[in-house]
Amino acid sequence: MGRRRKGQAVNGWLILDKPEGLTSTKAVGRTRWLYDAAKAGHAGTLDPLATGILPIAFGEATKTVPFAVDGAKTYRFTVRFGAETETDDTEGAVTETSGKRPARAAIEAALPRFTGDIEQIPPRFSALKVDGARAYDLARDREEFELPPRTVTIDRLEIVDIPDPGTCVLEADCGKGTYVRALARDLGRALHCLGHISALRRTRVGGFTEDDAVTLADVERAAGEDRDALLGLLKPVETALEDLPSLSITAADAAKLRQGRSVLLRGRDAPIVTGPVYAVSKGSLVALGEVEQGEFRPSRVFNLTE
């Protein structure tokens, strides 16, 4: 059996507009194959039902994935009232129904209960681990288990549209770890009418928005043209670090950082900065780290050409 070819050194972010029906893992696998990339990962899983922003990191960009994952996210989602399902979306069997449908005023009155820091019990069909096993595997096997509530942050929750009495389209800005399916479930319970997600789209992950996104068809089309067209769809590795201050350093200091050594920020023009920063030399990302008492200490070093 032959060894798998390693692939090419591809560095950067592909902001994919994931289509419905495709898992995040398969989306990464497909794009990695199209790029023939040696290394790839993604920032924030999307359910197969969901569409929208799936940032895919290639090569050195994988070192910045935590910054994208920790960034705020925006979702537009549709809640169908009148039923709860096993999966809290349309893919699961209906477990309970209600003949009640909420008025717009009742929905608006309930939304403040789901903003700020709230306690949320994740869906039973989720990738969280319970004693080493995935919750969705235990749920499929009808195993008895409990998922503890978690504190999540929802900064904004607003009604976008109410197309009919049984359906409400909402938009939410939320932090890491928020399950929109659980939000729909809990909103339905709070309104005493039950509910589940019937459509879900992620429109933002950190600084990545729909304006940055390309479709899988776009990537396949570029792959059929030439390598430059394909690489032209990528954003620089440091795009995920835009919330951090940047530090311009000399070539000599860049060489030290690439060896994992700290550098002192000297001179009259030395930046006054503390905490997490990233260093750039001649327009190329060199390292990610922290500045303490005028010293830059690298925590991640990037192997990118200047």
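Structure: see above.
S.K.: Give me the nonpolar core: which residues, what numbers.
M.R.: Counting 47 residues, the largest nonpolar core has Tyr35, Phe77, Leu157 and Leu170 as its most contacted members. Take this core: its biggest share by element is five residues, from helix α5 (residues 180-190). Those residues in contact with Phe77 that sit more than four places away from it in its chain are Leu157, Cys168, Val169, Leu170, Glu171, Ala172, Val180, Leu183, Ile197, Ala199 and Leu200. Membership of the second largest hydrophobic core comes to 21 residues, among which are Trp13, Phe208, Val280 and Leu285.

S.K.: Describe the environment of Ala38, and please don't skip the residues or the numbers.
M.R.: When you line up the elements, Ala38 lands in the loop between α1 (24-35) and β2 (40-42). Along the sequence, Ala38 and Val10 sit 28 residues apart, while their C-alpha atoms lie 7.1 Å from each other. The residues touching Ala38, leaving out its near neighbours within four places in the chain, are Lys6, Gly7, Gln8 and Arg32.

S.K.: Account for the sheet that holds strand β15 (residues 246-248), naming residues and giving values.
M.R.: Here we have five strands laid out as an open sheet, ordered β15-β17-β18-β19-β16, and mixed in their pairing. Because the sheet does not close on itself, it has two edges, and the strands there are β15 and β16 (263-264).

S.K.: I'd love a proper account of the pattern of salt bridges, names of residues and values included.
M.R.: Under the counting rule described, the total for this entry stands at 21 salt bridges. Across the pair Arg297 and Glu295 runs a salt bridge, and its minimum N-O distance is 3.1 Å. Shared partners join several salt bridges into a network, and the residues in it are Arg76, Arg156, Glu158, Glu171, Asp173 and Arg204.

S.K.: Residues and numbers for helix α8 (residues 251-258), please.
M.R.: Among all positions in α8, only Asp253, Ala254 and Leu257 are buried. The arc that holds the buried residues of α8, viewed along the axis, is 105°, so those residues lie on one side. On the buried face of α8, the contacting elements are β16, β17 (275-281), β18 (284-292) and β19 (295-301).

S.K.: An account of a negative patch on the surface is requested, with residue identities and associated values reported.
M.R.: Taken together, Asp141, Glu143, Glu144 and Glu146 make up a surface patch of like negative charges. Positionally, Glu146 belongs in the loop between α4 (135-140) and β10 (150-164).

S.K.: For α1, give the residues involved together with the corresponding values.
M.R.: Residue pairs spaced three or four apart in an α-helix point in one direction, given the helix's 3.6 residues per turn. For α1, which comprises twelve residues, the first-to-last C-alpha distance of 17 Å matches the rise-based estimate of 16 Å (1.5 Å per residue) to within 8%. Within α1 the residues assigned to the buried category are Ser24, Ala27, Val28, Thr31, Leu34 and Tyr35. The arc enclosing the buried residues of α1, seen along the axis, measures out at 130°, which places them on a common side. Exposed positions of α1 whose direction lies more than 90 degrees from the buried face are Thr25, Lys26 and Trp33. Next to the buried residues of α1 lie β1 (12-18), β2, β3 (51-58), α6 (216-225) and α7 (227-231).

Conventions we followed
- Residues numbered from 1 in each chain as written.
- Predicted model: local features only at pLDDT ≥ 70, side-chain atom pairs only at ≥ 80, totals over all residues.
- Heavy atoms only, no water.
- Core = buried A, V, L, I, M, F, W, Y, C linked by side-chain atoms within 4.5 Å.
- Buried < 20%, exposed > 50% of the residue type's maximum accessible area, 1.4 Å probe, protein only.
- Helix = DSSP H or I, 4+ residues; strand = E, 2+ residues; numbered from the N terminus.
- Contact = heavy atoms within 4.5 Å.
- Pairing = 2+ DSSP bridges.
- Salt bridge = Lys/Arg side-chain N within 4 Å of Asp/Glu carboxyl O.
- Arc of directions from axis to C-beta.
- Patch = residues over 30% accessible without salt bridge, like charges linked within 9 Å, V, L, I, M, F, W, Y side chains within 5 Å.
- Areas by Shrake-Rupley, 256 points an atom, 1.4 Å probe, with all protein chains shown as cover.
- Lys, Arg positive; Asp, Glu negative; His and termini not counted.
- Charge placed at Lys NZ, Arg CZ, Asp CG, Glu CD.
- Expected span 1.5 Å × (residues − 1).

Function cannot be read off these values alone, since they describe shape.
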